[in-house]
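Listed here are the chains, written in short residue letters.
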Amino acid sequence: MENIYLVGFMGSGKSTVGKLLATKLSLTFIDVDKLIEKKENRSIKEIFEKEGESYFRNLEKIEINNLSKSKGYVVSTGGGLGADLDNMKVMRETGNVIWLDVTLNTILERCKNDENRPLLKLPPADLKKLYENRKKIYSLANIRINADRKNPNQIVEEIINKLRGRK
Ligand code: S3P
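All residue numbers refer to position in the chain's written sequence, counted from 1. Local features in this predicted model are restricted to residues whose pLDDT is 70 or higher, and side-chain atom pairs enter the listing and the counts only when it is 80 or higher, whereas totals over whole chains, interfaces and linings include all residues. Remark: hydrogens and water are excluded; side-chain values derive from all non-hydrogen atoms of the structure.

1. Let's talk about the sheet that holds strand β5 (residues 143-146)
(1) Moving on: On the basis of which strands lie adjacent, the open sheet formed by 5 strands has the order β2-β3-β1-β4-β5 and parallel pairing. Edge positions in the sheet fall to β2 (28-31) and β5, since each has one partner strand and no second. Here the average twist between neighbouring strands, direction ignored, is 20°.
(2) Moving on: Two strands make a pair as long as DSSP finds a minimum of two bridges between them. In this text, helices come from DSSP runs of H or I with a minimum length of four residues, and strands from runs of E with a minimum of two, each type numbered from the N-terminal end. Here 4 bridges tie β2 to strand β3 (residues 73-76), and the two strands are oriented parallel to one another. Every axis in this analysis is a line fitted to C-alpha atoms, fitted for helices over the stretch in contact. Angles between the N-to-C directions lie between 0 and 180 degrees.

Structure follows, in structure tokens:
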């Protein structure tokens, strides 16, 4: 079984959906953000503050390249990982990439009290630009799911149906 990679903006539900999907398909779930935090022994917030964003982006690249060498994982990626062309290429070559497409309004609503995502602190116009730019890369995923106002179980069902349709 090839890997299944979940991409999408912050707060699109990748980790929640990924865990459920992995359970349903009896695959192993991996959250790249958690993997990085464990290896670095500090939070993403701290990594951003102490080392800067490009250091973190490099760690993401290393991890996704490592994971791409294994099979049978459901991988939840950070919002920036799936918005990088090289990462997208690696994921597409080694599995199915699923984009959880959620509107910016829903994301802002879901993440309004979130202190742990450094990029949510961007001024609103910059965040909107980031969202629009990232969508261009997310849209290279194999499967797009409109994940707005749907519960995680519905989304998982939709993903499984679409994956079956691709076989
Ligand atoms: C980021 C999203 C976060 C995390 C980091 C950077 C981004 O993950 O990787 O804060 O660039 O969008 P989530 O998408 O799980 O919030």
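2. Quick notes on the environment of Gly82
(1) Moving on: Mapping Gly82 onto the fold places it in the loop between β3 and α5 (85-94).
(2) Moving on: When near neighbours in sequence (up to four residues on either side) are disregarded, Gly82 contacts Val7, Thr77, Met88, Met91, Ile137 and Tyr138. The contact criterion used is simple: two residues touch if any of their non-hydrogen atoms lie within 4.5 Å.

3. Concerning the packing of helix α3 (residues 44-51) against helix α4 (residues 53-67)
(1) Moving on: Contact geometry of α3 with α4 gives a least axis separation of 7 Å together with a crossing angle of 130°. In terms of orientation, α3 and α4 fall into the oblique class. Taken together, the residues of α4 that come into contact with α3 (itself represented by Ile44, Ile47, Phe48 and Glu51) are Glu53, Tyr55, Phe56 and Arg57.
(2) Moving on: Each residue gets one of three labels, nonpolar for Ala, Val, Leu, Ile, Met, Phe, Trp, Tyr, Cys and Pro, charged for Asp, Glu, Lys and Arg, and polar for the others, Gly among them. Tallied by class, the residues present in the contact of α3 with α4 amount to 5 nonpolar, no polar and 3 charged. By definition in this entry, angles of less than 35 degrees are roughly parallel, angles greater than 145 are roughly antiparallel, angles of 65 to 115 are roughly perpendicular, and the rest are oblique.

4. Focus: the pattern of salt bridges
(1) Moving on: One speaks of a salt bridge when a side-chain nitrogen belonging to Lys or Arg is within 4 Å of a carboxyl oxygen belonging to Asp or Glu. Counted under the stated rule, the structure contains 18 salt bridges.
(2) Moving on: The closest approach of N and O atoms between Arg42 and Glu40, which form a salt bridge, is 2.7 Å.
(3) Moving on: The partner of Glu49 in a salt bridge is Lys45, with the nearest N and O atoms 3.9 Å apart. Here Glu49 and its partner Lys45 are both found in helix α3, 4 residues apart, which amounts to about one turn of the helix.
(4) Moving on: Burial here depends on accessible area, computed with a 1.4 Å probe over protein chains only, as a share of the maximum for the residue type. Under 20% is buried, over 50% is exposed, and the range in between is partly exposed. On the basis of relative accessibility, which here comes to 58%, the residue Glu49 falls in the exposed class.
(5) Moving on: Salt bridges sharing common partners tie together Glu40, Arg42 and Glu51.

By themselves, these are just geometric observations and shouldn't be taken as functional.
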